[in-house]
Structure formats: structure tokens, C-alpha cells
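These are the residues of each chain, in order.
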2 protein chains.
Amino acid sequence: MARAGVSVERLVVAAAELADEAGFENVSLSALARGFGVTDASLYSHVRNLRELRTRLALFAGGEMIDRIATAVAGRAGKDALAAFAGAYREYAHSHPGRYAATRIRIDQALVADSPVMRRTAEITYGMLRAYGLDEPDLTDAVRLLRSTFHGYCALEATGGFNAPRDVDASWDKAVDALHTALTHWPREDR
Amino acid sequence: MARAGVSVERLVVAAAELADEAGFENVSLSALARGFGVTDASLYSHVRNLRELRTRLALFAGGEMIDRIATAVAGRAGKDALAAFAGAYREYAHSHPGRYAATRIRIDQALVADSPVMRRTAEITYGMLRAYGLDEPDLTDAVRLLRSTFHGYCALEATGGFNAPRDVDASWDKAVDALHTALTHWPREDR
DNA sequence: GGCTGTAACCTAGAGGCCCTAGGTTTCCAG
DNA sequence: CTGGAAACCTAGGGCCTCTAGGTTACAGCC
């Protein structure tokens, strides 16, 4: 019988698609094996275990996401860049819920350091904030604030956290506006 | 043999403790049954299924959390109230990571409506914002912004999302400060 | 075109989980 | 004291992860 031709790369891509369709928590080696017409045991020659697959998926999705954000932010500055970043972030979370969930798992610090994804993400994010003229440690504080709000909003949205009748897109725009004012009136020590 | 004396209430409390120790995703009926010295099948006379247990845990934890927040906020207004709310929120997420994770699952809308937890949470949150003088829909937008940032920060923190050397408590305080300025300079339509 | 090694695949099986069906025992209320 | 509800049990199916060890396809080399 001909081989299925499984590889780590194809496995990760299949996992990404499955995650978006069935939810990240339902990504199983068994289900992926079925999709490839192969037994689950066979996959262990491509991937050490489920944990490793999840980690690879997280890095894959993280790279995909930051690429889109980078494209959106390119050539913009200040509020324009902030809005573009925010829009691309939420757009990815919406269109790829399973992959987005994957990006949020805890990853072995050693693996993170190896991957260029985190460095790139930091570059883009800090770069976007350049126009606001913040210095460390305010810069890191601001990055944390933005990431928190963006992630929190998408996470709450995804689990049905917003049930007031108010339009969620409008609230999002307002949140981005509010973050912009927070950045322009950043609380300094000398207040 | 004497009975173990399992009840829904004891089950939920045990689940809460297990969640904090082993993580929310590791709360299983099997593990709880072991803890009670009972077979897993026995638990199905107390709880319909794992889903229901999780939902009950979520409502339990949500009630516990909003109680602490309410106590912290009581008698305060404006920035004071905001800081107290934020502090109590993060304190709960830190001291009860498993329970906190439980509060963030998607819950059947019908069950939510039955429970007073959500109403109480809304009351406290909107009440805390009273001093900022916002009207709808800005009020809802502001609530969503706060919840997003609070949750996002705690979630990122919990999964090791902040690895810069900067102290996470200091960043949190800055974030709360920044939210305060965002609320006091809330972006109106007429800008 | 045969040979050979490696990687891709397989079967078998242990162990954990959720959940159902149906039987037994405890214990309280009448 | 007794009937019945509720608490508990065994047995078993289905899905999952992961290991051990055996087989087969295929690429590269003589």
C-alpha cells in the first residue's frame, strides 16, 4: 500500500485546520491520524507527543498572525498604526479561532527563544508604539496593556462574554480609541 | 460499607480545590471520584455530566470572585474604586487560578440568566464606573474595555506571556493608571 | 536491476477519561 | 419495621495518549 506521506509540516497544517473547525481543545493525534488515513501510533514518528504538536501549532499560528499584523502596520504610525495592529489582531482571532487559541498556550521558554516569532512580535509591537515617545519601563508597560486588552477582548468575545445588546465592533473601536488616549496621556511618575 | 456522602455542593467545592491544584483542564470526574473514594459512575447521580460540573464550578467561582471584588470596592469611588476592583480581580486570579479559569468558560445562556452572579457582577462593575459620568453606550464600551484588560492581563500572566524583566506588579499598576486616564478622557463622538 | 538501510508505517496493548445500563445496598420517613 | 428513593456498584463501549516491537515501502548505491 502506498504511504500517506505524513510530515511534521503537513501535520501542523492539518492541526491548524482542525483547530479552527473543531476547536483547539479538540485537536487530537487520533483525529489527525484518521484524516491522513493512518493509525495514531504512526504519528509518533513525526512528533514526540501531543504537547510537541501543540507547541508547533502555536509557533506556526503565531508566525502567521504576526505576519498579517506586520503587513497591516507597515507604513503607518501613531493612532493609524495602533488601529491597524488592533484590526489585524482581532481579524486573525476571528477568522482562525483555533489557531488563535493555540498561540495562547504556555510554551517551553527554551523553544520560544529558538523561534524567531517572539522576537519579531516584540519588534513589531514596540515599533508601533514608537510615535508615542515612551521610554522604558513605560514602553514595556504600554505593550503589556495593549496585548492584555487585545487578547482579553478577543477571548471574552470568543467565549460569549459580551452579551449586552451593544455592537461588539463599535465597542472594539472605542476601546482602541481609549487606548490611544491612554498612550497620549501616559501617566508619568511626576504627576 | 458507609456511604461517602457525596453531594453536588461538596462535588463543586472539591472541583474548585482540584482546579486550583491541578489546573482547570485537569478537573475530571474520575479524579474527583477517586478523592471521594467512589467510582466515577457514582457521580452521575449528582451531576448530569462533566459539562454541568464545569458550569456549576464556573458559577461558584464567579460568585466567590464578585463577592471579594464587591467587598474591595465598597465605599470607594472613582480611581480609588477602580484600583480596588482591579486589585481584587487580579488577587483572585492569582490565588485561585483554576477557579478563575473556570469563570471564563462559555456557559449556556439560559443557565446564566437563572443565576444572580452575572447580574451582581454587572451591578458592581457599572456602579464602579458611576463617578466617571459616562452614558450608554459609552458605559458598556468602558465596561468591556476594563474587563478585557483585566482578563487579558491575568490570562497572559498565567500562561507566561510576560517574559520581559519588568516587574509585573508595576506594569499592572501602570495599566490601571492608564485605564483611569482613558476613562477620564473618554473619547466622545464630538472630537 | 538487485541490495540495503532508514524511515514510514503497522499491530497489540496498557492506561486514563466520559458516559450508559442496569443491579444492589443503605438509610430515612412513614 | 418496612418500603422506596437515592447512593452506590459492576460491566462495558468509545475515544484518547503513548510505548514496544515488528513489517514494508522507497531512495540511493553498487
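Residues numbered from 1 in each chain as written. Chains lettered and ligands numbered in written order. Predicted model: local features only at pLDDT ≥ 70, side-chain atom pairs only at ≥ 80, totals over all residues. Heavy atoms only, no water.

### What about the overall build of chain A?
Each helix and strand in chain A was counted, giving 9 helices and 0 strands. Relative to its 191 residues, chain A shows a buried fraction of 50%. Taking as baseline every contact in chain A between residues at least 6 positions apart, the subset at least 24 positions apart corresponds to 68%. Of the roughly 9,300 Å² of accessible surface on chain A, a fraction of 51% belongs to carbon and sulfur atoms. In chain A, which carries 23 positive and 25 negative side-chain charges, the distance between the mean positions of the two groups comes to 3 Å. (Helix = DSSP H or I, 4+ residues; strand = E, 2+ residues; numbered from the N terminus. Buried < 20%, exposed > 50% of the residue type's maximum accessible area, 1.4 Å probe, protein only. Contact = heavy atoms within 4.5 Å. Areas by Shrake-Rupley, 256 points an atom, 1.4 Å probe, with all protein chains shown as cover. Lys, Arg positive; Asp, Glu negative; His and termini not counted. Charge placed at Lys NZ, Arg CZ, Asp CG, Glu CD.)

### A short note on the interface of chain A and chain B
Every contact between the two is made by 40 residues of chain A and, on the other side, 40 residues of chain B. Interface area lost by chain A to chain B is led by Arg144, Leu156 and Lys174 of chain A, which between them contribute 19%. Where chain A touches chain B, the interface holds 4 salt bridges. Across the pair Asp141 of chain B and Arg166 of chain A runs a salt bridge whose closest N-O atoms are separated by 2.6 Å. (Buried area = accessible area lost by both parts, 1.4 Å probe. Salt bridge = Lys/Arg side-chain N within 4 Å of Asp/Glu carboxyl O.)

### Concerning the protein's contact with DNA strand C
By nearness alone, 20 residues border DNA strand C, and Arg3 and Ser42 of chain A together with Arg3, Ser30 and Leu50 of chain B come closest of all. In the interface set of DNA strand C, defined as its atoms within 4 Å of the protein, sugar plus phosphate atoms amount to 64%. Contact distances for DNA strand C include 2.9 Å between a phosphate oxygen and a backbone N or O atom of Gly5 of chain A. The contact in question runs from a phosphate oxygen of DNA strand C to an N or O atom on the backbone of Leu50 of chain B, over 2.7 Å. Looking at the surface near DNA strand C element by element, the count peaks at 3 residues for helix α2 (residues 29-36) of chain B. (Near = heavy atom within 4 Å. Polar contact = N/O pair within 3.5 Å; in protein donor to acceptor, adjacent residues only side chain to side chain.)

### Quick look at helix α3 (residues 50-73) of chain B
The terminal C-alpha atoms of α3 of chain B, which comprises 24 residues, lie 34 Å apart, in line with the 34 Å expected from a rise of 1.5 Å per residue. One or two residues past the end of α3 of chain B sits Gly75 of chain B, with phi positive at roughly 80 degrees. (Expected span 1.5 Å × (residues − 1).)

### Observations concerning the relation of the copies chain A and chain B
Screw-axis analysis of chain A against chain B gives a translation of 0.0 Å along the axis, an RMSD of 0.1 Å, and a rotation angle of 180 degrees. Seen this way, the second copy is the image of the first under a two-fold rotation axis. Most of the interface of chain A is mirrored in chain B: 100% of its interface residues are interface residues there too. (Least-squares fit on C-alpha atoms with pLDDT ≥ 70 in both.)

### Quick notes on the pattern of salt bridges
Summed over all chains, the structure comprises 24 salt bridges over all chains. For the salt bridge of Arg48 of chain A with Glu52 of chain A, the shortest nitrogen-to-oxygen distance reads 3.6 Å. A relative accessible area of 66% means that Arg48 of chain A is categorised as exposed. Residue Arg56 of chain B pairs with Glu52 of chain B through a salt bridge whose shortest N-O separation is 2.9 Å. With Arg56 of chain B and Glu52 of chain B both in helix α3, this residue pair falls 4 residues apart, about one helical turn. The partly exposed category is assigned to Arg56 of chain B, whose relative accessible area is 38%.

### Concerning helix α7 (residues 116-128) of chain A
Residues and elements named next belong to chain A. When the terminal C-alpha atoms of α7 are compared, their 18 Å separation across 13 residues agrees well with the 18 Å that a helix rising 1.5 Å per residue should span. Within the sequence span of α7, burial applies to Val117, Ile124, Thr125 and Met128. Take α7 and look down its axis: the buried residues cluster within an arc of 95 degrees, on one side only. Turned more than 90 degrees away from the buried face of α7, the exposed residues are Pro116 and Arg119. On its buried side, α7 packs onto α3 (50-73), α4 (78-95) and α8 (138-158). Of the residues flanking the start of α7, the one acting as N-cap is Ser115, its side-chain oxygen 3.0 Å from the backbone nitrogen of Val117. (Arc of directions from axis to C-beta.)

### Describing the UniProt feature "DNA-binding region" (unreviewed entry) in chain A
Sites flagged by UniProt as "DNA-binding region" (unreviewed entry) map to residues 28-47 of chain A. Along residues 28-47 of chain A the backbone is 40% helical and 0% strand, and the end-to-end C-alpha distance reaches 12 Å. (UniProt positions renumbered as here; feature names shortened; annotations may be inferred.)

### Regarding the layout of surface pockets
Quantified by volume, the largest pocket comes out at close to 2,100 Å³. If you go around the largest pocket, you meet 46 residues; those closest to its centre are Phe24, Glu25 and Ala101 of chain A together with Phe24 and Glu25 of chain B. In terms of residue count, α8 of chain A provides more of the lining of the largest pocket than any other element does, 6 residues in total. For the lining of the largest pocket, a count of residues per class yields 21 nonpolar, 12 polar and 13 charged. (1 Å grid on protein atoms, 1.4 Å probe; cavity = no way out; pocket = protein on both sides within 12 Å on 5 of 7 lines; lining within 4 Å. Points joined across faces, edges and corners; volume = space filled by probe spheres on them. Nonpolar A, V, L, I, M, F, W, Y, C, P; charged D, E, K, R; others polar.)

### A closer look at the protein's contact with DNA strand D
Around DNA strand D there are 20 residues in total, and Arg3, Asp40 and Leu50 of chain A together with Arg3 and Ser42 of chain B lie nearest to it. In DNA strand D, the atoms that sit within 4 Å of the protein are 64% sugar and phosphate, with bases accounting for the remainder. Contacts to DNA strand D include Ser30 of chain A, whose side-chain N or O atom sits 2.8 Å from a phosphate oxygen. Contact distances for DNA strand D include 3.2 Å between a phosphate oxygen and a side-chain N or O atom of His46 of chain B.

### Examining the UniProt feature "domain: HTH tetR-type" (unreviewed entry) in chain A
As recorded in UniProt, the sites labelled "domain: HTH tetR-type" (unreviewed entry) are residues 5-65 of chain A. Helix makes up 64% of residues 5-65 of chain A and strand 0%, whereas the separation of the span's terminal C-alpha atoms amounts to 27 Å.

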